[in-house]
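The primary structure of each chain is shown beneath.
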Amino acid sequence: MKYLWASLLLLFLVTGGTQAEQKTDAFLFPSEDELFESYLLGEITYDEYIRLLDIVTNGVEEDMLTLTDELSLELLEKYFSPDDSLNQDKSEKHSLSSQQLKYKHSYASYLEENARSRYQSNFKYSQYNLSVDLTLRREFSGRERLIHRAVQIRDVSPAIHEIRIGNISKKFGLGTALGYHGKNVSFSDYLNFESLLYPDNGGYNGLYIDSRFDTYRCEILGSLVRDAEYAFSTFGAGLTKQFEQTDISFIPVVTSVKNRANQTTVTDYKSSFYLNYTPNRHRFKIETVVGKIKDNSELAIVTDNKIKRESDKIEFSGWYYSRSYIDLTGGSRTSLMSEKAEIDDVDYSFYTKRKNQMGMLTKYEREISDSWNVSQSVLYAFKSSDSTELQTFSQIQKSLNKKLSLYYDFSFRDKARFSMQEGSYFKRNHRFGIKLYTTNSYIRCYMSHEIKTGEDPVVGLFGEYKLNSQSFGLLHLWMNIGRYNLETKRTDYIYFFIRNKIDLTNWGKIDIKLSHRYGRKSTSTNSNQITMTFECAI
């Protein structure tokens, strides 16, 4: 608890705040390879890896990028690239975005003997108010299947704003009753009819309709996902009354879980009441969910607020999920703590972050002057009296001029279990970095020092360079010496890549990436990979 009070004191007494606001179109891993590297380093769990893979490979609705709220504060800063113009190839907006038919094929292969390969093909068609999206993927393991397919029709009539059939990644309100929930079932190992009907993703699969009448909005979602063992059917609706600065919504959701072997079914009923008040530049949102599954009552309260003034910004989020809360369709704020939940009647078990949890996330950012910016974030959550989690992130940044800035940040994460010690976890990280911007280039590098439970202290060196040139396109260099062990005086992990993306014509692009990983503790100490991506549009 002493860390909590110290962090809160720092939050309100020091002129500080959170890291720079995460813009939804700027947060990204460069590719799924870097996402996988983060998983190998233990920065994210497998569940988080699967969820974020949806963003990297398929893309999701803009408001669904709140998925990143479930990442650690430190990880958000590490993979947040603030320069949109360099993340997105500048010429792409002019050459490919206006075309009706787009095709993208990415092929990756290890260069060692008995090399494995994977590929992903994406087809998009859009004309007038119709769009079609289809993605086929083969893993390194050889599994080939459809992972995404959707048909969307916009502005069907003055009353029907959108109809979507297939994969759906929507959230209603704050997503407490109906949001992105991760994968509930497995997926087909082969490209077959089952893969076509029930693709591998963590969203919904079915029909979505968005209708609007003057100041009223009605959203309807029906979904069915299944595998060989279980079937999940979901029906939800969002009924919203819009005022000048306020939206009020009622969101009923019904989800049935069916064991396909013995034909038993359990149904979960939830009702959500959502208020969104946005005066001027501020934001106040709260959602309350009541529900029932079998004889157990459920309750959840989630709030998300922002107060923005000329030189500072305050954000506060809070959440409460009852002990009996079953999270089958939710995607609202929570911490990284998870526990196993079971539905005995259908013999279904899964890991959830929301059951039996209460927590808060507070952020504060302030511009002291034109050249100084300081920030602080604090996340604290607990599950009854058994587990607690504390995350803090502090940063101070000095702009030497409009192009060059220096920064220092400190992150701390502590997870404690009182009933048994093996679940406890501690991590502390210091970083000093430099960011340099020019008209067509961006450089970011930092040195870090990390202490983690059960491991030797390590230092790391990271560097990233981007150059957008009319002569040879986008050049991207990435180097992460993430594990130099201070006890053994040896380097345990290195990962780097060099990437070049160039225009072939006004309708085509080619992207070539060479990467290398060295991991002392890995099964294969050295691995090399080549990834080639081709895009065309007509």
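Here's what I pulled together on the structure shown here. If you're wondering where the values come from, they're calculated on a predicted model, not measured in any experiment. (Residues numbered from 1 in each chain as written. Predicted model: local features only at pLDDT ≥ 70, side-chain atom pairs only at ≥ 80, totals over all residues. Heavy atoms only, no water.)

### Overview of the overall build of the chain
Here comes step 1: Helix and strand counts for the chain stand at 7 helices and 26 strands.
Here comes step 2: Taking the intrachain contacts of the chain between residues at least 6 apart in sequence as the baseline, contacts between residues at least 24 apart amount to 52%.
Here comes step 3: For the chain, the computed accessible surface area is about 25500 Å², with 56% contributed by carbon and sulfur atoms. (Helix = DSSP H or I, 4+ residues; strand = E, 2+ residues; numbered from the N terminus. Contact = heavy atoms within 4.5 Å. Areas by Shrake-Rupley, 256 points an atom, 1.4 Å probe, with all protein chains shown as cover.)

### Details of the nonpolar core
Here comes step 1: Judged by nonpolar contacts, the single largest core of 21 residues is most densely connected at Phe 172, Leu 221, Trp 319 and Tyr 321.
Here comes step 2: Elements supplying a minimum of two residues to this core: strand E6 (204-213), strand E9 (246-259), strand E12 (296-308), strand E13 (312-321) and strand E17 (372-383).
Here comes step 3: Beyond its immediate chain neighbours, meaning those up to four positions away, Tyr 321 contacts Thr 176, Leu 299, Ala 300, Val 302, Ser 332, Arg 333, Arg 354, Asn 356 and Gln 357.
Here comes step 4: Core analysis: the next-biggest nonpolar cluster, separate from the first, contains 14 residues, Phe 232, Ala 341, Ile 343 and Phe 350 among them. (Core = buried A, V, L, I, M, F, W, Y, C linked by side-chain atoms within 4.5 Å. Buried < 20%, exposed > 50% of the residue type's maximum accessible area, 1.4 Å probe, protein only.)

### Things to note about the pattern of salt bridges
Here comes step 1: A complete count under the given rule lists 33 salt bridges for this structure.
Here comes step 2: A salt bridge links Asp 511 to Arg 499; the shortest N-O distance between them is 2.9 Å. Pair noted here: Asp 511 is in strand E25 (residues 508-519) and Arg 499 is in strand E24 (residues 490-505), with a separation of 12 residues, a long-range link. The burial state of Asp 511 is the same as that of Arg 499; both residues are buried.
Here comes step 3: Beyond isolated ion pairs, a larger network of salt bridges with shared partners links Glu 32, Asp 33, Glu 34, Arg 118, Arg 137, Glu 139, Arg 145 and Lys 513. (Salt bridge = Lys/Arg side-chain N within 4 Å of Asp/Glu carboxyl O.)

### Side note on a negative patch on the surface
Here comes step 1: On the surface, Glu 229, Glu 342, Asp 344 and Asp 347 cluster together into a patch of negative charge.
Here comes step 2: Within the secondary structure, Asp 344 sits in the loop between strand E14 (339-343) and strand E15 (348-352).
Here comes step 3: Under the relative-accessibility criterion, Asp 344 is labelled exposed at 62%. (Patch = residues over 30% accessible without salt bridge, like charges linked within 9 Å, V, L, I, M, F, W, Y side chains within 5 Å. Lys, Arg positive; Asp, Glu negative; His and termini not counted. Charge placed at Lys NZ, Arg CZ, Asp CG, Glu CD.)

### Side note on a nonpolar patch on the surface
Here comes step 1: Side chains of Leu 239, Phe 243, Ile 248, Phe 250, Phe 273, Leu 275, Tyr 277, Ile 286, Val 290, Leu 299 and Ile 301 sit close together on the surface and give an oily, nonpolar patch of about 890 Å² of accessible area.
Here comes step 2: The biggest single contributor to the nonpolar patch is strand E10 (residues 265-277), with 3 residues.
Here comes step 3: Structurally, Phe 273 can be placed in strand E10.

### Thoughts on unusual backbone geometry
Here comes step 1: Even without a glycine there, the phi angle at Lys 294 is positive, about 55°.
Here comes step 2: Relative to the elements of secondary structure, Lys 294 occurs in the loop between strand E11 (283-293) and E12.
Here comes step 3: By relative accessible area, Lys 294 is classed as partly exposed at 47%.

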